[in-house]
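Listed here are the chains, written in short residue letters.
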Amino acid sequence: DDVRRAAVAGLGFVMLRSPEHVPRMVELLSQSFNPHVRAGAALALGIACAGSGAAAAVAILEPLARDAVDFVVEAAVIALAFVLIQQNDAYDPKVADVRKRFAALIDAKHGEGVTKFGAAVAQGIIDAGGRNVTIALASADGQLDMAACAGMLLFTQFWYWFPLAHFLALAFKPTALIAVTRDLRLPSLDAVCVARRSLFAYPAALEPPTAAAPAKIATAVLSTTARARRGAKKGEDAMDVEPAKPVEGMDVDESSDAKALLRKGRKVAESPFAVANMTRVLPYQERFVKWPAGSRYVPVKQGAVSGVLVVRDTMPGKPEEFIASSLDDDLDDEEEAPAAGADVPLPPPEPFEYPFDGDRQA
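All residue numbers here refer to positions counted from 1 along the written sequence of the relevant chain. Two thresholds apply to this predicted model, a pLDDT of at least 70 for residue-level local features and 80 or more for giving and counting side-chain atom pairs, whereas whole-chain, interface and lining totals are computed over all residues. Just so you know, side-chain values use all the structure's heavy atoms and leave hydrogens and water out.

A few points about the sheet that holds strand β9 (residues 307–313)
A pair of strands counts as paired when DSSP detects no fewer than two bridges linking them. In this description a helix means any DSSP run of H or I spanning at least four residues, a strand means any run of E spanning at least two, and both kinds are numbered starting from the N terminus. Judged by pairing direction, the sheet is mixed, and its four strands sit side by side in the order β6-β3-β9-β8 without closing on themselves. Only two strands of the sheet have a single partner each, and these edge strands are β6 (279–280) and β8 (297–299). Pairing of strand β3 (residues 176–180) with β6 involves two bridges; the strand directions are antiparallel. What sits directly across from L177, in β6, is T279.

So this is what it looks like as structure tokens:
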């Protein structure tokens, strides 16, 4: 079973460069009678389609997240977090349902420990790095990142020892525009994103559950009381009631000016917006980001709009404006004496050679 699970999960590493073919390859494996094969198929989908938000992968993983076997659910929810990392409700409406599924599995009173662990890890992955990182095992031009692949491989071994899950941090890549000059300084610059801002907004923060108000108990009504109320209602219906006259000046404005204002507001909401330096840029947002014409700073690598970019100054004679650092410039290089009562750091141990002399004789 371990060999079958590892072999199927390995398909995700083999098909990293063509993730669009993986859902079709593992679709039948995800319906296998062997739960280890189903768990491996879920991990293969998550590894190959990480950060892509592929609808075909989500369609296969959703039934596996409701599987009867606990470790299959664990693998499925982790794979869902891989696929839907850096996605929000505006871009993919299923993100909200998946987040609710994670919370329900964690809060389940009689849930299995394996399932709770998987849901907790999945919730941490989908919100990793303050929602400012994604999982990238290969670069944009298809070059494999060996450190990221090794971290992902070690992460899959949490099956045997769960602290290995921390190696997933090697596969994280920041999703931001970080432009630096040749002196490694951060210039003040702006790119332009020609899409709605809501498509790339942060997901809504989780709200703590509120205590429900006690439900009111219906008051019992006697038959004599109900009969008296019906009689009173018939008497009121028989009375002539003068209809209310409309009040002048209270008409609703349905003019063309109001409709034009709504159209104008909708147009403003969909207008392009500026993307400043040191700002989050999602992977699926990159195709909407452009450098404005006549920009002072242009990237040395043409076409790059995210990641750490070295930019070239096209107007070297003008004064430059840089982003101020939040660190204190007056910090001294020398270590200050610790205050009274403060914890003094212990020195590192002295170098030694192993095995010791006593161990050699033994």
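This is not the end of the story, as more comes after the structure.
Structural notes on the packing of helix α4 (residues 55–64) against helix α5 (residues 70–84)
When two helices pack together, their arrangement is captured by the angle between the axes and the distance separating the axes. Relative orientation of the contacting elements α4 and α5 amounts to 150°, with a least axis distance of 8 Å. With respect to α5, the axis of α4 lies roughly antiparallel. By crossing handedness, the relation of α4 to α5 is classed as left-handed. Between α4 and α5, the residues in contact are A57, V58, L61 and L64 and V72, V73, A76, A79, L80, V83 and L84, respectively. Gly is put with the polar residues, along with every residue not named as nonpolar or charged; the nonpolar set is Ala, Val, Leu, Ile, Met, Phe, Trp, Tyr, Cys and Pro, and the charged set is Asp, Glu, Lys and Arg. Broken down by class, the residue content of the contact of α4 with α5 amounts to 11 nonpolar, no polar and no charged. For every element, the axis is a line fit to its C-alpha atoms; helices are fit only across the contacting stretch, and the angle between N-to-C directions ranges from 0 to 180 degrees. For classification purposes, angles smaller than 35 degrees are called roughly parallel, those larger than 145 roughly antiparallel, those between 65 and 115 roughly perpendicular, and all remaining angles oblique. In this scheme the crossing of two helices becomes right-handed for a clockwise turn of the near helix relative to the far one and left-handed for an anticlockwise turn of less than a right angle. Two residues form a contact once any of their heavy atoms are found within 4.5 Å.

Some thoughts on the nonpolar core
Core analysis: the largest hydrophobic core is formed by 56 residues, its most contacted members being F82, I125, I135, L137 and F155. Within the residue set of this core, elements represented by two or more residues are α1 (2–14), α2 (22–26), α3 (35–48), α4, α5, α6 (94–107), α7 (113–126) and α9 (146–155). Per-element accounting of this core gives the leading share, 13 residues, to α5. Sequence-distant contacts of L137, that is, excluding residues within four places in its chain, are made with L16, I47, L144, D145, A148, C149, M152 and A171. We define the nonpolar core as a collection of buried residues of types Ala, Val, Leu, Ile, Met, Phe, Trp, Tyr and Cys that are connected through side-chain atoms lying within 4.5 Å of one another. Categorising residues by exposure relies on relative accessible area from a 1.4 Å probe, with only protein chains included: less than 20% of the type maximum marks a residue as buried, more than 50% marks it as exposed, and the intermediate range marks it as partly exposed. Counting 19 residues, the second largest nonpolar core, distinct from the first, contains A179, V289, Y297 and A304.

Observations regarding the sheet that holds strand β7 (residues 289–290)
On the basis of which strands lie adjacent, the open sheet formed by three strands has the order β5-β4-β7 and antiparallel pairing. Among the strands making up the open sheet, the edge pair consists of β5 (273–276) and β7. Summarising the sheet, strand β4 (residues 190–193) and β5 pair through four bridges and their orientation is antiparallel. Residue pairing across strands places A191 opposite V275, the latter belonging to β5.

Some points on the packing of α3 against α4
At their nearest, the axes of α3 and α4 sit 10 Å apart, and the two run at 145° to each other. The two elements α3 and α4 meet at a crossing, and its hand is left-handed. Counted together, R38, A42 and L45 of α3 and A57, I60, L61 and L64 of α4 form the full contact between these two elements. Across the contact of α3 with α4, the residue classes tally to six nonpolar, no polar and one charged.

Comments concerning the side chain of T175
Note that T175 resides in the loop between β2 (172–174) and β3. Looking at T175, the relative accessible area reads 5%, which means it is buried. Other than its neighbours up to four places away in sequence, T175 contacts Q86, N132, V133, T134, R280, V281, L282 and P283.

Some words on the confidence of the model for the chain
The predictor rates its confidence in each residue with pLDDT, a number between 0 and 100. Considering every residue of the chain, the mean pLDDT works out to 79; 77% of them sit at 70 or more. Contacts for the low-pLDDT stretch residues 246–269, under 50 throughout, to residues beyond four places or in other chains number three contacts. Low pLDDT (under 50) marks residues 330–334, which in the prediction has zero contacts with non-local residues, meaning those over four places away or in another chain.

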